[in-house]
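Coordinate inspection notes
Letter by letter, the chains look like this.
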Amino acid sequence: MNHTRAVFAEINLSNLQHNYQQAKQHSPNQVYAVIKADAYGHGVMLVAEALKHADGLAVACVDEALKLRTEYPKLPILVLQGAYCGEDWRLASVHNLVMVVHHPQQLEWLNEVDSYIYSPISVWLKVNTGMNRIGARPEQVNAAITQISALPKLKLDKLMTHHSSSDEVNLEAAQLQLQNFYNINCDLPTSTANSAAILSGLNAKDDVSRAGIMLYGSSPFAHKSAMSLNLKPVMGLYSQVISLHTVKKGEAVGYGQRFIAEKDTQIAVVAIGYGDGYPRHAVDGTPVFVNDQPCKLAGRVSMDMITVDVSECEGVNVGSSVELWGEQVSVDEVARHSQTIAYELFCRLTPRVPRCYTYIG
Ligand SMILES: *Cc1c(COP(=O)(O)O)cnc(C)c1O
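**With respect to the pattern of salt bridges**
Under the counting rule described, the total for this entry stands at 14 salt bridges. Of the charged contacts, one joins Asp276 and Arg5 as a salt bridge, the two residues approaching to 2.8 Å between their closest N and O atoms. One end of the pair, Asp276, is in the loop between strand E13 (265–270) and strand E14 (287–290); the other, Arg5, is in the segment before strand E1 (8–12), and 271 residues separate them in sequence. A relative accessible area of 0% means that Asp276 is categorised as buried. Because the salt bridges share partners, they merge into one network encompassing Arg5, Asp276, Asp304 and Arg352.

**Some details on empty space enclosed by the protein**
Using the criterion set out here, one finds one cavity of 30 Å³ or more in the structure. Computed from the structure, the largest cavity encloses a volume of approximately 40 Å³. Taken together, Lys126, Val127, Asn128, Thr129, Met131, Arg133, Ile134, Thr161 and His162 make up the full set of residues lining the largest cavity. Residue composition of the lining of the largest cavity, grouped by class: three nonpolar, four polar and two charged.

**Digging into the layout of surface pockets**
Approximately 780 Å³ is the volume found for the largest pocket. If you go around the largest pocket, you meet 35 residues; those closest to its centre are Tyr40, His162, Asn194, Ile341 and Tyr343. Mapped by element, the contributors of at least two residues to the lining of the largest pocket are helix H2 (36–41), helix H9 (195–199), helix H10 (331–337) and helix H11 (342–348). When residues of the lining of the largest pocket are assigned to their parent elements, the largest contribution, three residues, is made by H10.

**Some points on the nonpolar core**
Judged by nonpolar contacts, the single largest core of 112 residues is most densely connected at Ile35, Trp89, Met99, Tyr278, Val290, Ile306 and Trp325. With five residues, the single largest contributor to this core is strand E6 (residues 121–127). Ranked by size, the runner-up nonpolar core spans six residues in total, among them Val253, Phe259, Ile267 and Ala298.

**Concerning the packing of aromatic side chains**
Applying the stated rule across the entire model yields six aromatic pairs. Ring geometry for Tyr40 and Tyr216: centres 4.7 Å apart, planes at 25°, overall stacked. In this pair, Tyr40 is assigned in helix H2 and Tyr216 in the loop between strand E9 (208–211) and strand E10 (235–247), connecting sequence segments 176 residues apart. There is no split in this pair, since Tyr40 and Tyr216 are both buried. Measuring from centroid to centroid gives 6.4 Å for Tyr278 and Trp325, while their planes differ by 15°, and the two rings are stacked. Taken together, the residues span a long stretch of sequence, with Tyr278 in the loop between E13 and E14 and Trp325 in strand E17 (residues 321–325) at a distance of 47 residues. Like Tyr278, the residue Trp325 is buried in the burial classification. These aromatic residues form a ring-pair network of at least three members: Tyr40, Tyr216 and Tyr343. Over the face of the ring belonging to Tyr182 we find Lys205, whose NZ or CZ atom lies 4.3 Å from the ring centre.

**Focus on unusual backbone geometry**
Within the chain, Ala37 stands out as a residue other than glycine whose phi angle is a positive 50°. Looking at where Ala37 falls in the secondary structure, it is placed in helix H2. Phi at Ala39 is positive, roughly 55°, even though this residue is not glycine.

**Points about the site of the ligand**
Near the ligand you find Val34, Lys36, Tyr40, Leu80, Lys126, His162, Asn194, Ser195, Arg210, Gly212, Ile213 and Tyr343, and these make up its full shell. Separating an oxygen atom of the ligand from a side-chain N or O atom of Tyr40 is a distance of 2.6 Å. At a separation of 2.6 Å, an oxygen atom of the ligand approaches a polar side-chain atom of Tyr343. In isolation the ligand offers 390 Å² of accessible surface; the protein chains occlude 91% of this area. Placement of the ligand is best described as lying within the largest pocket. Considered class by class, the residues forming the shell around the ligand number five nonpolar, four polar and three charged.

Reading guide: rules and limits
Sequence order as written defines residue numbering, which begins from 1 separately in each chain. pLDDT decides what is reported in this predicted model: residues at 70 or higher carry local features, side-chain atom pairs at 80 or more are listed and counted, and totals for whole chains, interfaces and linings draw on all residues regardless. Just so you know, side-chain values use all the structure's heavy atoms and leave hydrogens and water out. Within this document, salt bridges are pairs made up of a side-chain nitrogen of Lys or Arg and a carboxyl oxygen of Asp or Glu, the two lying within 4 Å of each other. Strands here are runs of E lasting at least two residues and helices are runs of H or I lasting at least four, both read from the DSSP assignment and numbered beginning at the N terminus. Here's how the labels work: a residue is buried when its accessible area is under 20% of the maximum for its type, exposed when over 50%, partly exposed in between, all with a 1.4 Å probe on protein chains only. The distinction between a cavity and a pocket rests on a 1 Å grid over the protein atoms alone: a 1.4 Å probe fits inside a cavity but cannot get out, while a pocket stays open yet meets protein on both sides within 12 Å along at least five of seven lines, and a residue with an atom within 4 Å of a point counts as lining. Grid points are joined across faces, edges and corners, and a volume is the space filled by probe spheres set on the points. For this scheme, ten residues count as nonpolar: Ala, Val, Leu, Ile, Met, Phe, Trp, Tyr, Cys and Pro. Four count as charged, namely Asp, Glu, Lys and Arg, and the remainder, Gly too, count as polar. Nonpolar cores were defined as sets of buried Ala, Val, Leu, Ile, Met, Phe, Trp, Tyr and Cys residues, with membership established by side-chain atoms within 4.5 Å. Within 6.5 Å between ring centres, the rings of Phe, Tyr and Trp (the latter by its six-membered ring) count as paired, and their orientation is classed by plane angle as stacked under 30 degrees, edge-to-face over 60, tilted in between. For a lysine, the NZ atom is tested; for an arginine, the CZ atom; a charge sits over a ring if that atom is within 6 Å of the ring centre and within 35 degrees of the ring normal. We call a residue near a molecule or strand whenever a single non-hydrogen atom of that residue lies within 4 Å of it. Polar contact criterion, stated in full: a pair of N or O atoms within 3.5 Å, where within protein one must be able to donate a hydrogen and the other to accept it, and residues adjacent in sequence count only if both atoms are side-chain atoms. Accessible surface is estimated by sampling points in the Shrake-Rupley manner with a 1.4 Å probe; for residues, cover comes only from the protein chains shown. Assignment of a molecule to a cavity or pocket requires that more than half of its atoms lie within 2 Å of the corresponding grid points.

The structure is reproduced here in structure tokens:
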């Protein structure tokens, strides 16, 4: 494909490795790198390659795991949602995947394919300690353990849970979930922490912590910046100015005339829009760096263009470089201005944006 359009995402794999090391430093034992959803939109194969010395990888489903297994025959691969059907169990056995069990129906599916399973499958039992999404309730766990232990094709390895609120200033709800979890009377090794819990020190008893968003250099907390956590940005999103003009005081810019110039204003038009994954909900004032200087979004995001107030900015021309997020504009700031989180901005980048990969750091 010909890439003459200026939009691209640069993925800094050295910074990714740095962030994994940060997760390791905050963890007592192992850290699995969560690379579901195409490594949070960063491109799973190159991200996995950069993290091939991680203790293990975690993905959402068997489909995601199989792509990785071909390249990494030995790495532990945890499937966070476990089986959706009998075939998933058969594939897990053939490809040595670690499967989460969160519902008794999954054991029924195993039953359907039992005769096709030759080597036992490692499973982690998921406990619902307060998220109330998936998992066995604490009072059901001992019965579930008994049931799984009776199945010769399964090997129960760990007990796990997932936080609903480990990113909050007040960690009471998170502590309560851990209390519910550790009150369960069993001696399996455990896995509880996501990025926020890792960075809050809630993972002291974890055998395996599960780092996702922090690997990609975004802060899981609304109240702490990535930089203050010593996380480095991994994705930089770039484009260029394609038009430059002045609007007069009182004139409006873009769809719906949302931005109205309070004075004569120089507007740079940048070739990026929601067709690339730049959030349409971004408000006026969302930070954008043009020609290495801080500027503000002015007017609604279009499919292929945005408009930026560059009145205070020097040396801007057609062709000037623009950073939408990366080293200079924190992706978390852009997310805040669009009423979302960096997780979603990363995942929403569209296939129109070419990814390029570097090791600089
Ligand atoms: C996605 C996911 C994680 C990683 O969460 P982050 O907040 O990105 O660190 C951990 N555990 C489970 C079960 C997940 O689904």
